[in-house]
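# Observations on chain architecture
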Amino acid sequence: MFIAADASLFALLFFQFSRDRSSQSVVFDEGQQHLAVLLGTVNTLVLVTSSWLMASAVRSLQRNAVPTGMRLIAGTAALGLVFAAVKIIEYVLALRSGHTVSTSPFFMYYFVITGIHLVHLMIGVVVVVVVGWRLRAGIRKPLDRTVLECGTVYWHLVDLLWMFIFPMLYLAR
Amino acid sequence: MTKNESQLARLCAWAVALYFIPFGIGWGLLGRMIPPYPASMPAEELAQIYRDNASTLRIGFALAAFATTFFFMWSIGLFRVMLATERGGKILSYTVLVGGVLTGADLMFSCFFWLTAAFRPEQDPALIQLLYDLGWMWLDLAFGVAMLYMIGFGVIALRDTREKPLFPKWLAWIGIWLAMEFLLELIMPYFRSGPFSWSGLFNFWVPFFPPATWMVIVSVYMYKAAKRLNDEYESELARRVEETTTG
C-alpha cells in the first residue's frame, strides 16, 4: 500500500515534468546536453546489478544458504552506496559548471527528482542493512519472510524508479 | 470508554466539521488562499489586493484563526480514542495529542500574519509582502508537527490487534504516506514559482487537500471507534458484574 502510494508520488512528478517539458522543450533539451550521460549509465548498471544481487540473496536465504545470502545483501548495500557516490560526483560537476536548482526548469526537475530518488535510495540502503541484520541467522519465523520480501520489494522499487528517471531526464528528446 | 467519554469523543469527531467549514470559508474563500498568490507576485500588486479587499480578508483570517479551536477539540478527542486503541505503553498517543495540537497552533498563528497585513494594508507594500511571506514560511515549514500526529496515529492503528481493528489498516498507511509527502516542503523556500513553490502542485495542492480528506475519513472512524469502545466497556462491565455475582 505504502509502496503503491510512493510510486504514485513519483508518477505525479513525472507527469508534471512531462507537461513542463512539452511546453518548454528547447530549454529542456538544452539543459539535458549538460548532463553526464556516462555517469548516469554507470549508475543504471550499478542499480540493476544491485537488484539482481538482492533477488539472489532472497533465493539463497530461502535455500538456507545464509553466508551467501549475507554476502549478497552486503553487495547490494555496497552498490547502493556506489550509486550515491556517483550521484554526488554528478551533482558536484553540475554545480561546478554553474547549474543549480534555479538555473532553469529542467535543472529544477533534475535536482529535485534525482534528489528525492537519492533520499529513497539512502533509506533503501538502511532497509537492506537492517534486513540483513535481522536475517543473519536465516529465516526462522514467518515474520522474517515478510521482512525480507518487503525490504526486497522496496529496493526493486528504487531500481524501477531509476529505470524511469534515467531515460526521462538523460535520454529523451 | 465510559458512556460520557464516548459521547464527548464523538462530539470531538464532529468538531472536524466545525473546523473545516469556517476555516475553508475564512481562510480559503475570504482569505483568498485557494489558491494563494504566488511568491513571484510583486509587492505592489499584493499590497493593492490587500487594500482593495481589506474587509473580507480581516474577517476571513479572524474566522479561520478561531476555527482552529475546533481542530484542538478534534485532536483531544482523537487522543482519547487512540489511548484506548494503543497496545502497550501510551507514548504514541501522547505524540498524537501534541502533534495534533501543534498543527492546530501552526494553522492558527499563520493566520495572524495575514490578518496583520489586512489590518493596515496602506503601509509599505514591502511590509505587506513580508507578512505574507512569513505566514507561508510558518504554515508550510512547521509540517513536522503534522507528521507527528499522522504517523503516531498510523502506527497505533497498525498495531491494533483486535479482530476487527478500530481503524482500517489502509487508513493508517495512507496517513503515514501523506505525512511523508510533507517532506517536500523542505525545498519550498528555494522556489518563488513553479510546482515546488508555496502555490505549486507539490507544495500546496498535494500537502493540503488529500490530508484534509484523510482527516474527515479519520473522523468517521473515530466516531465509530468511540461508540465501539463504549460498547466494549459496557460488555466488559456486565461480564465482571456477572462474575462477581455468580462466583
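Residues numbered from 1 in each chain as written. Chains lettered and ligands numbered in written order. Predicted model: local features only at pLDDT ≥ 70, side-chain atom pairs only at ≥ 80, totals over all residues.

### Focus on the overall build of chain B
Operational definition: Segments assigned H or I by DSSP are reported as helices when at least four residues long, segments assigned E as strands when at least two residues long, and all are numbered from the N terminus. For the exposure call, what matters is how many other C-beta atoms sit within 10 Å of a residue's own: 20 or more marks it buried, 12 or fewer exposed, and in between partly exposed, using C-beta atoms placed from the backbone. Throughout, a pair of residues is in contact if the C-beta atoms placed from their backbones lie within 7 Å.
Assigned secondary structure in chain B consists of eight helices and zero strands. The N-to-C order of helical and strand elements in chain B reads α-α-α-α-α-α-α-α. Dimensions of chain B, computed from the C-alpha atoms along their principal axes, are close to 80 × 30 × 20 Å. Per-residue burial over chain B gives 46% buried out of 247 residues. Considering only residue pairs separated by 6 or more positions, chain B has 77% of its internal contacts joining residues 24 or more positions apart.

### With respect to the overall build of chain A
Within chain A, the secondary structure is distributed over six helices and zero strands. The N-to-C order of helical and strand elements in chain A reads α-α-α-α-α-α. The 173 residues of chain A split such that 32% are buried. Taking the contacts inside chain A whose residues are at least 6 apart along the sequence as the reference set, 78% of them involve residues at least 24 apart.

### With respect to the nonpolar core
As a reminder of what qualifies: In this description, a nonpolar core means buried residues of the types Ala, Val, Leu, Ile, Met, Phe, Trp, Tyr and Cys, linked to one another by C-beta atoms lying within 7 Å.
F61, W74, W114 and A226 of chain B are the most contacted members of the largest nonpolar core, which totals 112 residues. W74 of chain B has contacts with C12, A15, V16 and Y19 of chain B, leaving out every residue within four places of it along the chain.

### Some words on the packing of helix 7 (residues 169–181) of chain B against helix 8 (residues 201–246) of chain B
Residue and element names in this part refer to chain B. Let me state the cut-off plainly: Inter-axis angles, ranging from 0 to 180 degrees, are taken between N-to-C directions of lines fitted to C-alpha atoms, where helices are fitted over the stretch in contact. In what follows, roughly perpendicular refers to angles from 65 to 115 degrees, roughly parallel to angles under 35, roughly antiparallel to angles over 145, and oblique to any angle outside these ranges. Handedness of each helix crossing follows the sense of rotation of the near helix against the far helix: counterclockwise by less than a right angle gives left-handed, clockwise gives right-handed. Residues were grouped as follows: Ala, Val, Leu, Ile, Met, Phe, Trp, Tyr, Cys and Pro as nonpolar; Asp, Glu, Lys and Arg as charged; and all remaining residues, including Gly, as polar.
Interhelical geometry of helix 7 versus helix 8 gives an angle of 155 degrees and a closest axis separation of 10 Å. What the angle tells us is that helix 7 and helix 8 run roughly antiparallel. Considering only the axes of helix 7 and helix 8, their crossing is left-handed. Contacts from L171, I174, G175, L178 and E181 of helix 7 reach helix 8 at V206, P207, P210, P211, W214, I217, V218 and Y221. Taken together, the residues of the contact of helix 7 with helix 8 sort by class into eleven nonpolar, one polar and one charged.

### Here's the deal with the packing of helix 3 (residues 54–85) of chain B against helix 8 of chain B
All names here are of chain B. Running from N to C, helix 3 and helix 8 point in directions that differ by 50 degrees, and their axes come no closer than 10 Å. Taken as axis vectors, helix 3 and helix 8 run oblique relative to one another. Helix 3 and helix 8 meet at a crossing whose hand is left-handed. Contact with helix 3, carried on its side by G77, L78, V81, A84 and T85, involves M222, A225, A226 and L229 of helix 8 and no other residues of that element. Split into classes, the residues belonging to the contact of helix 3 with helix 8 amount to seven nonpolar, two polar and no charged.

### Let's talk about helix 2 (residues 43–52) of chain B
Residue and element names in this part refer to chain B. This is how it is decided: Here the arc refers to the directions that run from the helix axis out to each C-beta atom.
Among the residues of helix 2, those classed as buried are L46, A47 and Y50. For helix 2, the buried positions fall inside an angular range of 100 degrees around the axis, keeping them on one side. In helix 2, the exposed positions that point more than 90 degrees away from the buried face belong to E44, E45 and D52. At its buried positions, helix 2 is contacted by helix 3, helix 4 (91–119) and helix 5 (125–141).

### Digging into the confidence of the model for chain B
Atomic detail in the predicted coordinates should be set aside for any region of low pLDDT. For clarity, the cut-off: Per-residue confidence from the predictor is reported as pLDDT, which spans 0 to 100.
Averaged over all residues, the pLDDT of chain B is 93; the fraction at 70 or higher stands at 100%. Across the assembled chains, the prediction reports ipTM 0.72 with pTM 0.84.

### A few points about the environment of Y110 of chain A
Considering the arrangement of structural elements, one finds Y110 of chain A in helix 5 (residues 105–134). The exposure class assigned to Y110 of chain A is buried, which follows from the 26 C-beta atoms found within 10 Å.

### Here we look at unusual backbone geometry
Geometrically, the link from I34 of chain B to P35 of chain B is a cis peptide bond, its omega value of -5 degrees lying close to zero. With respect to the element layout, P35 of chain B can be found in the loop between helix 1 (3–30) and helix 2. With phi around 65 degrees, N64 of chain A is a residue other than glycine that occupies positive phi space. Note on placement: N64 of chain A falls in the loop between helix 3 (37–62) and helix 4 (66–96). Even without being a glycine, R32 of chain B presents a positive backbone phi close to 60 degrees. Structurally, R32 of chain B is set in the loop between helix 1 and helix 2.

### Remarks on the environment of I174 of chain B
With respect to the element layout, I174 of chain B can be found in helix 7. With 40 residues separating them along the chain, I174 of chain B and W214 of chain B place their C-alpha atoms 8.0 Å apart.

### Considerations on the environment of Y223 of chain B
Checked against the element boundaries, Y223 of chain B lands in helix 8. Apart from residues no more than four positions distant in its own chain, Y223 of chain B is found in contact with R10 and A13 of chain B.

### Notes on the confidence of the model for chain A
Mean pLDDT over chain A works out to 84, with 86% of the residues at or above the 70 mark. When mean pLDDT is taken per element in chain A, helix 4 of chain A scores highest with 91 and helix 1 (residues 2–23) of chain A scores lowest with 68.

### Digging into helix 6 (residues 142–171) of chain A
Which entries qualify depends on this criterion: Expected helix span is taken as 1.5 Å per residue step, with the number of steps being one fewer than the number of residues.
Compared with the 44 Å implied by 1.5 Å per residue over 30 residues, the 43 Å span of helix 6 of chain A between its first and last C-alpha is a close match. Looking only at helix 6 of chain A, the buried set comprises L148, G151, T152, Y154, W155, V158, D159, L161, W162, I165 and L169 of chain A.

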